[in-house]
Structures are given as C-alpha cells and as structure tokens.
Amino acid sequence: MTISPSYYDQVGGASAVRDVVDLFYVRVLDDAALKPYFAGIDMPRLKRHMVVLLCSVLGGPDPYEGRDLAEAHRGMGITADHYAKVGEILLSVLQGAGVGDEILQHVELTLNKVESSIVAEPVGTAD
Ligand code: HEM
C-alpha cells in the first residue's frame, strides 16, 4: 500500500510555505489598493500566522492557532474585489513556486469557503 504524501509535503513543507508567504506579502503590499489595509500592522506576526494557516490548509502537522478569520478581519471593510485580488496573488505565487493544479484547486476551494468570513459585504447575493 502506498500512502501518498500530504499536499504540505508535496510543496516542500514549512520552509517552502514560508517562501511563498514572504513573496505573497511583497506582492500584496506592492498593490496600491491593498497596501493601505496593512498600515501599522505587525507584518512578522501576520506572516507567521499566515504560514501556520497555509501549512494546516495543506495538511501540515500543526493546527492553526491564530485568531478566527472573521474576528481578525472585522471592521476592515474588505471588498469582494480586494478579496479576489489577494486570492489571485496567493494562487499565482503558489503556481510560480511550482505547486501543481490539484493543490491549487484545493487552495482555491478553501479561499471560496472562507470568503464570507473576510469580506465586509454580502457575498453572492443578487440584491
Ligand atoms: C484571501 C484570504 C485571506 C486569508 C487566508 C487571510 C489570513 C489572515 C490571517 C491568518 C491573519 C492573522 C490573524 C491573526 O492575527 O491571528 C490575517 C490578518 C490580517 N489580514 Fe488577512 N487574510 C485573507 C485576506 C485578507 C484581505 C483580502 C485583506 C485586505 C485586503 C487582509 C488583511 C489583513 C490584515 C490587515 C490583517 C492584520 C489584522 C491585525 O493584526 O489586526 N486579509 N489574515
């Protein structure tokens, strides 16, 4: 019987995820529309929490112990457009790091699932 390695192992573990997260925030802060959200934020701490979250989404060994995503983003007024931009940056950095389609799809699905916790406006409502 073959036990296939977790997505976490396939992407190269914590050090690969750290590299992805570093580049992710470089790209996010490089975007004039996104940068203001991060004014005054403790970026090393944010990066640490994002690394642990992304590792756990990929099936890594440690559970995410940062704040609940709804609580962490409450009151920021994040729009669906800005959310989409951030999601695209994450997927493009993962793709640039050589992460395969199956894992990209898993991350995209997860991003869709947590969107309503993070954006400040109703998601997917017609009126
Ligand atoms: C795309 C999905 C997103 C994920 C998975 C995510 C994940 C996280 C995580 C894990 C934290 C740290 C929570 C903690 O303090 O324990 C955080 C905080 C934060 N996020 Fe996000 N985030 C996302 C989208 C966004 C977007 C779209 C924006 C703004 C455009 C944003 C802005 C922030 C800011 C400013 C903080 C710092 C909050 C603080 O320390 O007070 N995030 N996010």
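Residues numbered from 1 in each chain as written. Predicted model: local features only at pLDDT ≥ 70, side-chain atom pairs only at ≥ 80, totals over all residues. Heavy atoms only, no water.

Student: How would you explain helix α6 (residues 101-118) if you had to name every residue and give the values?
Tutor: Over its 18 residues, α6 extends 25 Å from the first C-alpha to the last, a length consistent with the 26 Å expected when each residue adds 1.5 Å. Along its length, α6 shows its largest kink, about 30°, at N112. (Helix = DSSP H or I, 4+ residues; strand = E, 2+ residues; numbered from the N terminus. Expected span 1.5 Å × (residues − 1). Bend = angle between axes of the 7 residues up to and from the residue.)

Student: Can you explain the site of the ligand? Please cite residues and give values.
Tutor: Close to the ligand lie 21 residues; Y37, L46, H49, R67 and H73 are nearest. Here an oxygen atom of the ligand and a side-chain polar atom of R45 are 3.4 Å apart. Of all the elements in the fold, those that place two or more residues in the shell around the ligand are α3 (43-57), α4 (69-73), α5 (80-96) and α6. In terms of residue count, the dominant contributor to the shell around the ligand is α3 (five residues). For the shell around the ligand, the residue count by class is 16 nonpolar, three polar and two charged. (Near = heavy atom within 4 Å. Polar contact = N/O pair within 3.5 Å; in protein donor to acceptor, adjacent residues only side chain to side chain. Nonpolar A, V, L, I, M, F, W, Y, C, P; charged D, E, K, R; others polar.)

Student: Describe the coordination of the iron atom of the ligand, with residues and values.
Tutor: Among protein residues, the single donor to the iron atom of the ligand is H73 (NE2), with a metal-donor distance of 2.0 Å. Within the secondary structure layout, H73 lies in helix α4. (Donors = N, O, S within 2.8 Å, 3.2 Å for Na, K, Ca; no water.)

Student: Give me the nonpolar core: which residues, what numbers.
Tutor: If you look at the biggest cluster of nonpolar residues, it comprises 32 residues, and the most contacted ones within it are V17, L58 and L90. Mapped onto this core, the elements with two or more residues apiece are α1 (7-11), α2 (13-29), α3, α5 and α6. With residues near it in sequence (within four places) discarded, V17 still touches V11, V51, L54, C55 and L58. (Core = buried A, V, L, I, M, F, W, Y, C linked by side-chain atoms within 4.5 Å. Buried < 20%, exposed > 50% of the residue type's maximum accessible area, 1.4 Å probe, protein only. Contact = heavy atoms within 4.5 Å.)

Student: Now, about the environment of L91: what can you tell me, with residues and values included?
Tutor: Topologically, L91 is positioned in helix α5. Taking relative accessible area as the criterion, L91 reaches 16% and is therefore assigned buried. Remark: the alpha-carbon pair of L91 and Q105, spanning 14 residues in sequence, is separated by 9.1 Å.

Student: Account for the layout of surface pockets, with residues named and values stated.
Tutor: A volume near 820 Å³ is recorded for the largest pocket. Lining the largest pocket are 32 residues; nearest its centre among them are Y25, L46, M50, L69 and H73. Residue assignment for the lining of the largest pocket shows that the elements contributing at least two residues are α2, α3, α4, α5 and α6. A per-element tally of the lining of the largest pocket places α3 first, with seven residues. In terms of residue class, the lining of the largest pocket is built from 24 nonpolar, five polar and three charged. (1 Å grid on protein atoms, 1.4 Å probe; cavity = no way out; pocket = protein on both sides within 12 Å on 5 of 7 lines; lining within 4 Å. Points joined across faces, edges and corners; volume = space filled by probe spheres on them.)

Student: Please provide a residue-by-residue account of the packing of aromatic side chains, values included.
Tutor: Under the counting rule described, the total for this entry stands at two aromatic pairs. For the ring pair F24 and Y25, a centre distance of 4.7 Å and an interplane angle of 65° mean the geometry is edge-to-face. The pair formed by F24 and Y25 is uniform in burial state, with each residue classed as buried. For the pair Y25 and F38, a centre-to-centre distance of 6.2 Å together with 70° between the ring planes defines the contact as edge-to-face. With Y25 in helix α2 and F38 in the loop between α2 and α3, the pair connects residues that are 13 residues apart, well separated along the chain. On the basis of relative accessibility, which here comes to 5%, the residue Y25 falls in the buried class. (Phe/Tyr/Trp six-rings, centres within 6.5 Å; stacked < 30°, edge-to-face > 60°.)

Structural measurements only, silent on function.
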